[in-house]
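Residues per chain are reported as follows:
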Amino acid sequence: MSKAQFRTCPETGLQYHKQAEMLIRAHAVVAVVILLIGGIAALLVTLTRWPAIHLLPADRFYQLLTSHGVNMLIFWIISFEIAILYFCSSTLLKCRLATPKIAWLGFILMLAGIVVNNAAVASGTASVMMTSYVPMPANPNFYLGLILFAVGALIGCFVFLGTLVVAKDEKTYEGSIPLVTFGALTACIIAIFTIASGAIVLIPTWLWSLGLINNIDPAMYRVVWWALGHSSQQINVAAHVAVWYAIAAIVFGARPLSEKVSRGAFFLYIAFLQLASAHHLLVDPGLSAEWKIFNTSYAMYLAVLASMVHGLTVPGSIEVAQRSKGFTKGLFEWLRKAPWGNPVFSGMFISLIGFGFIGGISGVVMGTEQINIIIHNTIYVPGHFHATVVIGTTLAFMSLTYFLIPTLFRRQVAFPGLAKWQPYLFGLGMSVFTLAMMGAGTLGVERRHWDMAFTNTALSFDYPASAFTLMGIVGISGVAAILGGAIYILVTVVSVFFGKRVESESSYGFDMTTLSRADPLLVPDGGHEAAGKWGLAAPGTFVLAMFFLVIFVLYYAVNWKYLASVWPMS
Amino acid sequence: MNEHTSSGERPIKIPLMQRVLDNPFILLFIGIFVPAVFYIIWGIMEIVNIPIAP
């Protein structure tokens, strides 16, 4: 056994390797700072797309949209995810982190990349938005910053894999790795594919921006770039699903309904989730229908199936845990009596519902070549991914933060009253925001245009009045959600830097301690089914799943009906 | 691959799928290979085969 130093959290029993703990803290703090920058940009972008306010001039709008996109979709999310990778490997497997010095090098590269990229965007010479489609040029430092960040994140992924090897070699666990760590492994694998794709497309583009390469083929760029742009959001999906499982275990002592099924679902993510990138290219002329349909409607559905499995098993495991504790009345006492005042749970559950009902269903519609055309490249698209990335991922990460502040940072959560309401304001505000965006997108409102009214343009388009109303709702609900995000940052920063210390006897200075795990839930007489209904262990979850299926089928059918009206045939 | 029970009496055959799921590097290979072939290589081949305008 190494002489690495560990401490055990007396409340949770979690065991932290000192170097891993410092790295987790560093990545989490940087992530929250980036969230603040991206959040300020979000406010200004929202107030510009709100037609009644229309705050910024065009050049500032595109500059801040670029800053918002890159900071939120790349820097905030991946920085937090590297923290999760280290937590799920070193902490959950009770082992030392592999090569901490190299991990710090990765962190420094990520930080340098964030600074270089943000400086380029702030200079006003890189307002190319996150996609940075060629031949639209940006300041070379825009690409360089992304490359540095990607290399740093890639190092983080390999440190995670190395830590799995260390844990197996030093026998800190028996059998298979825990399901939450397996979810993190899934995120890590998708991240490696994503970052490799980013390197393939961004290094030549950087050289092109320096004048060292004459031409980058735009069609080729789009294919490879979306393996970065969309797959980076699939890292999020795997990571936040892992967080759902972790929070179900933390708050309820829940165990997965079936480890095999849940691991099988993560395996489907590993193999197929990244293929969904193709839905961004469904109207690109150079790609065949076979390529488009295989990568979206066929392969992607296997990943959708996996998401539905997780959406069933996470609340199902919570229901079984609650029923085992005696909440057995009716179908939903387990849910009514859940700790809705605990932001760790409430945020996670809103994340799960929002991701499934809004992000998941709209994602399938967008991944179907025929009905995708109704909303392709409209504001429906950011409506969809704000449901998946913001309600799904960001809210899940916020929930986890409320758990990590006491156990990782050893501080009490400041402003507990605000923290209690924060997931509701953020989650529900963002739910209205995404639904209104999707409504406006269905009416054809464009995705990125600074002025939907096309003021003083040669070619104009008259949207129905309802489109302007929906964009007004986007503005109001967006500001509400941003306020929720600001509360999260306030609570987190005050807690971590100025919060009252959690008193404990834990300290560094001993090599290894035993992680005291919560006792597994006792199986009642007759099995978990005895506490359920109709022979089902989780009947309430089954009813919720059927409700989801009905909404899914209805919305899918309505879109086909709507397609028929868009293209009338006689 | 066989693994012995705690009593050491009866070997347990670990199913192939579990062995795959327990090996992060096989999973890494699958997670790179499948999208690289079906999304990137197939997609690039289609772009490359577009005739260049005279």
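Residues numbered from 1 in each chain as written. Chains lettered and ligands numbered in written order. Predicted model: local features only at pLDDT ≥ 70, side-chain atom pairs only at ≥ 80, totals over all residues. Heavy atoms only, no water.

**Quick notes on a nonpolar patch on the surface**
All names here are of chain A.
- On the surface, W534, F542, M546, L549 and V553 cluster together to form a nonpolar patch covering roughly 510 Å² of accessible area.
- If you trace the backbone, F542 turns up in helix α16 (residues 539-566).
- The exposure class assigned to F542 is partly exposed, which follows from its relative accessible area of 39%. (Patch = residues over 30% accessible without salt bridge, like charges linked within 9 Å, V, L, I, M, F, W, Y side chains within 5 Å. Areas by Shrake-Rupley, 256 points an atom, 1.4 Å probe, with all protein chains shown as cover. Salt bridge = Lys/Arg side-chain N within 4 Å of Asp/Glu carboxyl O. Helix = DSSP H or I, 4+ residues; strand = E, 2+ residues; numbered from the N terminus. Buried < 20%, exposed > 50% of the residue type's maximum accessible area, 1.4 Å probe, protein only.)

**Some details on the environment of A:L109**
- Checked against the element boundaries, A:L109 lands in helix α3 (residues 100-122).
- A sequence separation of 97 residues divides A:L109 from A:W206, and the C-alpha atoms of the two residues are 17 Å apart.

**Topic: the packing of helix α6 (residues 218-229) of chain A against helix α2 (residues 24-48) of chain B**
- Contact pair α6(A) / α2(B): the axes reach a minimum separation of 9 Å and the direction vectors enclose 170 degrees. Compared by their axis directions, α6(A) and α2(B) come out roughly antiparallel. The residues of α2(B) that touch α6(A), namely those facing A:A219, A:M220, A:R222, A:V223, A:V224, A:W226 and A:A227, are B:Y39, B:I40, B:G43, B:I44, B:I47 and B:V48.
- Grouping the amino acids of the contact of α6(A) with α2(B) by side-chain chemistry returns 11 nonpolar, 1 polar and 1 charged. (Axes fitted to C-alpha atoms, helices over the stretch in contact; angles between N-to-C directions. Parallel < 35°, antiparallel > 145°, perpendicular 65-115°, else oblique. Contact = heavy atoms within 4.5 Å. Nonpolar A, V, L, I, M, F, W, Y, C, P; charged D, E, K, R; others polar.)

**Remarks on the nonpolar core**
- Counting residues in hydrophobic clusters, the biggest one holds 189 residues, and the most contacted among them are A:W76, A:F142 and B:Y39.
- Viewed by domain, this core spans two of them, domain 1 (13-258) and domain 2 (341-452 + 462-515) of chain A, each represented by three or more residues.
- Discounting residues that sit within four places of it in the chain, B:Y39 has contacts with A:R222, A:V223, A:W226, A:A227, A:L275, A:S277, A:A278, A:L281, A:W291, A:N295 and B:V34. (Core = buried A, V, L, I, M, F, W, Y, C linked by side-chain atoms within 4.5 Å. Domains from an automatic or database assignment.)

**Re unusual backbone geometry**
Residues and elements named next belong to chain A.
- Of note, the amide linkage connecting V134 to P135 takes the cis form, showing an omega dihedral of 10 degrees.
- By the secondary structure assignment, P135 is in the loop between α3 and α4 (140-169).
- Even without being glycine, K94 reaches a positive phi, approximately 60 degrees.
- Along the chain, K94 turns up in the loop between α2 (58-91) and α3.
- Positive phi values are uncommon outside glycine, yet S132 reaches one of about 40 degrees.
- Considering the arrangement of structural elements, one finds S132 in the loop between α3 and α4.
- Take S132: its relative accessible area is 1%, and that puts it in the buried class.

**Examining the interface of chain B and chain A**
- On the chain A side, the residues contacting the 25 residues of chain B number 35 residues.
- Surface buried jointly by chain B and chain A totals about 2,500 Å² across both partners, of which 81% is contributed by carbon and sulfur atoms.
- Interface area lost by chain B to chain A is led by B:L21, B:Y39 and B:I47, which between them contribute 26%.
- Along the contact surface separating chain B from chain A lie 6 residue pairs in polar contact (both at pLDDT 80 or more).
- Going through the elements one at a time, α1 (16-21) and α2 of chain B are the ones with two or more residues in the side of chain B that touches chain A.
- Broken down by class, the residue content of the side of chain B that touches chain A amounts to 20 nonpolar, 3 polar and 2 charged. (Buried area = accessible area lost by both parts, 1.4 Å probe. Polar contact = N/O pair within 3.5 Å; in protein donor to acceptor, adjacent residues only side chain to side chain.)

**Observations concerning the pattern of salt bridges**
Residue and element names in this part refer to chain A.
- By the definition in use, this model includes 8 salt bridges over all chains.
- For the salt bridge of E446 with R49, the shortest nitrogen-to-oxygen distance reads 4.0 Å. Highlighted residues: E446 in the loop between α14 (416-442) and α15 (465-498) and R49 in helix α1 (residues 18-49), separated in sequence by 397 residues.
- For E446, a relative accessible area of 14% gives the class buried.
- On the accessibility criterion, R49 (10% relative accessible area) is buried.
- As a salt-bridge pair, R323 and E319 come within 2.8 Å of each other at their nearest N and O atoms. Within this pair, R323 and its partner E319 are both found in helix α9 (residues 289-324), separated by 4 residues, close to a single helical turn.
- Residue classification places R323 among the buried residues on the basis of a relative accessible area of 3%.
- A residue is classified by how much of its surface remains accessible, and E319, at 0% relative accessible area, is buried.
- One continuous salt-bridge network, built from bridges that share partners, spans R7, E21 and R25.

**As for α4(A)**
- Over its 30 residues, α4(A) extends 43 Å from the first C-alpha to the last, a length consistent with the 44 Å expected when each residue adds 1.5 Å.
- One or two steps after α4(A), the chain reaches A:K171, where phi turns positive at roughly 55 degrees. (Expected span 1.5 Å × (residues − 1).)

**Topic: the confidence of the model for chain A**
Residue and element names in this part refer to chain A.
- Here chain A averages 91 in pLDDT, while 94% of its residues score no lower than 70.
- In the model of chain A, strand β1 (residues 6-8) stands out as the element of lowest mean pLDDT, 87, in contrast to α3, which has the highest, 98.
- Low pLDDT (under 50) marks residues 507-520, which in the prediction has 37 contacts with non-local residues, meaning those over four places away or in another chain. (pLDDT = per-residue confidence, 0-100.)

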